[in-house]
Amino acid sequence: MKLYNSLTRKKEDFVPIEEGKVKMYTCGPTVYHFAHIGNLRSYIMEDILEKYLRYTGYDVKRVMNITDVGHLTSDADEGEDKMLKGAKREHKSVLEIAKFYTDAFFSDCKKLNIKYPDVVEPATHCIDEYIKIITKLIDTGYAYLAGGNVYFDTSKLEKYYVFNDFNAEDLAVGVREGVGEDTNKRNKNDFVLWFTKSKFEEQALKWDSPWGVGYPGWHIECSGISMKHLGEYLDIHCGGIDNAFPHHTNEIAQSESYLGHKWCNYWMHVLHLNTATGKMSKSSGEFLTVSLLEEKGYDPLVYRLFCLQSHYRKALVFSWENLDNAATAYSKLIARIAALKPEGETDEAALSAMRAKFTEALDNDLNTSLALTAVYDALKFNTNDATKLAAIADFDRVLGLGLAEKAEAKRKADAAAPAASAGEFFVISESGEPDAEIEAKLIARRDAKKAKNFAEADRIRDELTAAGIEITDIPNGVKWKRGQ
Ligand code: AMP
Ligand code: ZN
């Protein structure tokens, strides 16, 4: 398998440190707000990587942190504390905010079929790890105390800018972020390992340390959590492209200075999801969430498909029109799979020929759009339906599009209300329990709308509402469920 490595700026053969095993670390969310669908693009692609590694037989251990302390609005230790900002906004404590948005994040992940990592560790749980690392960094001259804080001294490194060839001026963080400089720093890109002279008097989370009561900087958490669970050597470290600098650059600086050897071999960065007006960002407060997509009637897996249709190393532009196209592609794909009959013996030779195309695509730096083509090729392959279904189920172990489950639900819905499939109109029972009478009414409502008889369509909706049935229109049909 070849993976693009941001460290070498080349596609390289992936060779793990220990044969058959992969140690993988993913930067987790900062839990002061909902994750936006841009963040989730990164997690979807990292999920594909993990699932594909497992698919090819690796034993993967994946660790993710939860940033619940130390991340300031500028990635360069300036600005407001993000968690404090979230707590103030909602008149809650930092821990309440952290719990709420951590749960919301994993609920979104579940809807997007993103596997829960083997280890999830909140930054606030590993203070001892950070203190151990920082103590050694001070002892060995890589870190210094100034103005009450502990800083990493980037001038002690032979090479600090590991991911790019920009010069120091371009990456002068204070300037880049348009925020004031920290005069305690000896060098512009030095970063905080531990804050004691916090300008945030209300900072709720503080711990004792050899340098006074305070809290850790943002970058140290990923080094500490990774080493705690994965040891001194790491195979793959992932994150969105904005993490490359300064976050990952600083992680490498402090980890390798602490360990005295190379820390992680492969760095994978996912390019951003942007809107037509620019980058989607949590701090601006204007962003799209999975819940919003659902409210608008989209299945979250349509968004997963949308992400898989492009390569993770290209920026992806979101638009409702593009998402609608993905929704149409998704329902057509489900309809084609639902039409297959699970009969006949699996033809192993055909199956391995189909699989070869699929693995060839993903072996090439996770070319997911080509891997999707392998699904369409399987549908057209000259073999029986049972073999096609086996191939699709096999591929979906990595793609995670819920293809078999959705096709089965469609088969059931069609059996209950055969008219539903006419014109690709989906009637989806959210509980999975079909109900012929309700489905017939929803089809009649569709027919009334088609005939522009909106009064009749509204009458049917009102009748269903009165019976406690909640309905949501989706791009290619309607979803229904019984109210609480
Ligand atoms: P945060 O919660 O801000 O710490 O970010 C969580 C993850 O989302 C990190 O890996 C970021 O690099 C990534 N990320 C942030 N914005 C975007 C975006 N617009 N598109 C893709 N990934 C993003
Ligand atoms: Zn990190």
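Residues numbered from 1 in each chain as written. Chains lettered and ligands numbered in written order. Predicted model: local features only at pLDDT ≥ 70, side-chain atom pairs only at ≥ 80, totals over all residues.

Participant: Would you mind going over the site of ligand 1 in detail, with residue names and values included?
Facilitator: Close to ligand 1 lie 18 residues, the nearest being P29, G38, N39, G240 and H272. For the shell around ligand 1, the secondary-structure elements that each account for two or more residues are α1 (37–55) and β12 (234–240). Its residues assigned to classes, the shell around ligand 1 comprises five nonpolar, nine polar and four charged. (Near = placed C-beta within 6 Å. Helix = DSSP H or I, 4+ residues; strand = E, 2+ residues; numbered from the N terminus. Nonpolar A, V, L, I, M, F, W, Y, C, P; charged D, E, K, R; others polar.)

Participant: Explain the environment of L84 to me, and be specific about the residues and the numbers.
Facilitator: When you line up the elements, L84 lands in helix α2 (residues 82–90). Taking the C-alpha atoms as reference points, L84 and A143, separated by 59 residues in sequence, lie 27 Å from one another.

Participant: Explain the sheet that holds strand β4 (residues 59–66) to me, using residue names and the numbers behind them.
Facilitator: What holds strands together in a sheet is hydrogen bonding between their backbones, with the strands either parallel or antiparallel. Ordered by their spatial adjacency, five strands build an open sheet running β7-β4-β3-β12-β13, and the pairing between neighbours is parallel. Of all the strands in the sheet, the pair left with one neighbour each is β7 (119–122) and β13 (264–270). Adjacent strand axes in the sheet meet at a mean angle of 20°, parallel and antiparallel pairs treated alike. (Pairing = 2+ DSSP bridges. Axes fitted to C-alpha atoms, helices over the stretch in contact; angles between N-to-C directions.)

Participant: Which residues make up unusual backbone geometry, and what values go with them?
Facilitator: The omega angle of the peptide bond from F245 to P246 is 0°, so this bond is cis rather than trans. For N113, which is not a glycine, the phi torsion comes out positive at approximately 60°. Secondary-structure assignment places N113 in the loop between α3 (94–111) and β7.

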